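Notes for the structure review
Letter by letter, the chains look like this.
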Amino acid sequence: MTENPDTLLEDPHRKGTLRSFVRWLLIGVALLWSFAVLILVAARWIDPPTTAVHLERRMQAWIHHTPYHEHYEFVPLSQISPDFQHAVIAAEDARFYQHHGFDWHAMQIAAGDDMEGGRIRGGSTLTQQLVKNLFFGTGRSVLRKGAEFTLVPVAELILGKQRILELYLNVVEWGPGVYGAESACRYYYRTSARSIDRQQAAQLAAILPLPMKRRPDHMNHYSGLILERMRQMGW
């Protein structure tokens, strides 16, 4: 049996096309990654005007023709109560000041809780959540996780712990259209992030894993656990 000459001629062309596609795909990925790094560098000094989560919620409201009112006010970390800062760290990332972007122990615990159906919070650190908020929105995928994995160490290196905490507290979602500590305090308690009390801070921290479904005044049990964790951590 003889081979079709046309097939022999087409194979090199197809291989060349595939190599060209892969090359341009890799170049595109590298450019996008470099752009994300530049945004992180800028975020060291410039407060972000919006995030991927903010844009995602606006788009969802537009698609579903639902009202959307955004509350987003960026304030310096010095204007956020230490109790509020500590409550969020205790609730979301107790080893925030010890790890370098990933808390492998917390990930193992979260995976075990998932299997048992009893998870309260995920294993993501504040740095991981910040990167996700800034660049990826609320979706989940292997590609997003891979990109996040490469950007988290960069964020830790460029931004430092205090700026990461400041950015996270100011951009994280706290309810429908409510972003950041200042907006959350005014929306739920009609007070400022500087003046919020310890109990209110714990209640707000308690809704962070599911801010679109939970309400602070319904989180008395979990907020009590957060307060106890704060006491154990010396806060």
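Look up: the structure comes first, before these words.
A short tour of the structure in this document, coming up. (Residues numbered from 1 in each chain as written. Predicted model: local features only at pLDDT ≥ 70, side-chain atom pairs only at ≥ 80, totals over all residues. Heavy atoms only, no water.)

1. Points about the environment of Ser-78
Relative to the helices and strands, Ser-78 is located in the loop between strand S1 (71-72) and helix H3 (82-92). Sequence-wise, Ser-78 and Ala-193 are 115 residues apart; in three dimensions their C-alpha atoms are separated by 9.8 Å. (Helix = DSSP H or I, 4+ residues; strand = E, 2+ residues; numbered from the N terminus.)

2. Side note on the pattern of salt bridges
The tally for this structure, following the rule as stated, stands at 10 salt bridges. Among the ionic pairs, Glu-173 bridges to Arg-57, the shortest N-O distance being 2.7 Å. Of this pair, Glu-173 sits in strand S2 (residues 173-175) while Arg-57 sits in helix H2 (residues 52-64), and the two are 116 residues apart along the sequence. Each member of the pair, Glu-173 as well as Arg-57, is classed as buried. The salt bridge partner of Glu-166 is Arg-163, with a shortest N-O separation of 2.5 Å. Here the residue Glu-166 and the residue Arg-163 both occupy positions in helix H6 (residues 142-171), the gap between them amounting to 3 residues, near one helical turn. A single burial state applies to Glu-166 and to Arg-163, both of which are buried. Connected through shared salt-bridge partners, Asp-47, Arg-163 and Glu-166 make up one network. (Salt bridge = Lys/Arg side-chain N within 4 Å of Asp/Glu carboxyl O. Buried < 20%, exposed > 50% of the residue type's maximum accessible area, 1.4 Å probe, protein only.)

3. Structural notes on the packing of aromatic side chains
All chains considered together, the criterion is met by 5 aromatic pairs. Taking 4.9 Å as the distance between ring centres and 90° as the angle between the ring planes, the aromatic pair formed by Tyr-187 and Tyr-188 counts as edge-to-face. The side chain of Lys-161 reaches across the aromatic face of Phe-96, ending 4.6 Å from its centre. (Phe/Tyr/Trp six-rings, centres within 6.5 Å; stacked < 30°, edge-to-face > 60°. Lys NZ or Arg CZ within 6 Å of the ring centre and 35° of its normal.)

4. Things to note about the side chain of Gln-203
Locating Gln-203 in the fold gives a position in helix H8 (residues 198-206). Setting aside residues no more than four positions away along its own chain, Gln-203 makes contact with Tyr-189, Pro-216, Met-219, Asn-220 and Ser-223. (Contact = heavy atoms within 4.5 Å.)

5. Some details on the layout of surface pockets
Taken as a whole, the second largest pocket holds about 360 Å³ of empty space. Contributing to the lining of the second largest pocket are Val-29, Leu-32, Trp-33, Phe-35, Ala-36, Ile-39, Phe-135, Phe-136, Leu-143, Ala-147, Thr-150 and Leu-151. The set of elements that each furnish at least two residues to the lining of the second largest pocket consists of helix H1 (5-43) and H6. With 6 residues, the single largest contributor to the lining of the second largest pocket is H1. Its residues assigned to classes, the lining of the second largest pocket comprises 11 nonpolar, 1 polar and no charged. (1 Å grid on protein atoms, 1.4 Å probe; cavity = no way out; pocket = protein on both sides within 12 Å on 5 of 7 lines; lining within 4 Å. Points joined across faces, edges and corners; volume = space filled by probe spheres on them. Nonpolar A, V, L, I, M, F, W, Y, C, P; charged D, E, K, R; others polar.)

6. Details of H3
In an α-helix there are 3.6 residues to a turn, and that puts residues three or four apart on one side. Burial within H3 is extensive, with 8 of its 11 residues counted as buried. Every buried residue of H3 is listed here: Phe-84, Gln-85, Ala-87, Val-88, Ile-89, Ala-90, Ala-91 and Glu-92. Looking at the buried positions of H3, the neighbouring elements they touch are helix H5 (126-135), H6, S2, helix H7 (181-189), H8 and helix H9 (220-232). Residue Ser-81 occupies the N-cap position of H3, its side-chain oxygen lying 3.1 Å from the main-chain nitrogen of Asp-83. (Polar contact = N/O pair within 3.5 Å; in protein donor to acceptor, adjacent residues only side chain to side chain.)

7. What about the sheet that holds S2?
Strand order in the open sheet formed by 3 strands is S1-S3-S2, with mixed pairing between adjacent strands. Each edge of the open sheet is held by one strand with a lone partner, namely S1 and S2. Here 2 bridges tie S2 to strand S3 (residues 178-179), and the two strands are oriented antiparallel to one another. For Gly-175, the partnering residue across the bridge sits in S3 and is Val-178. (Pairing = 2+ DSSP bridges.)

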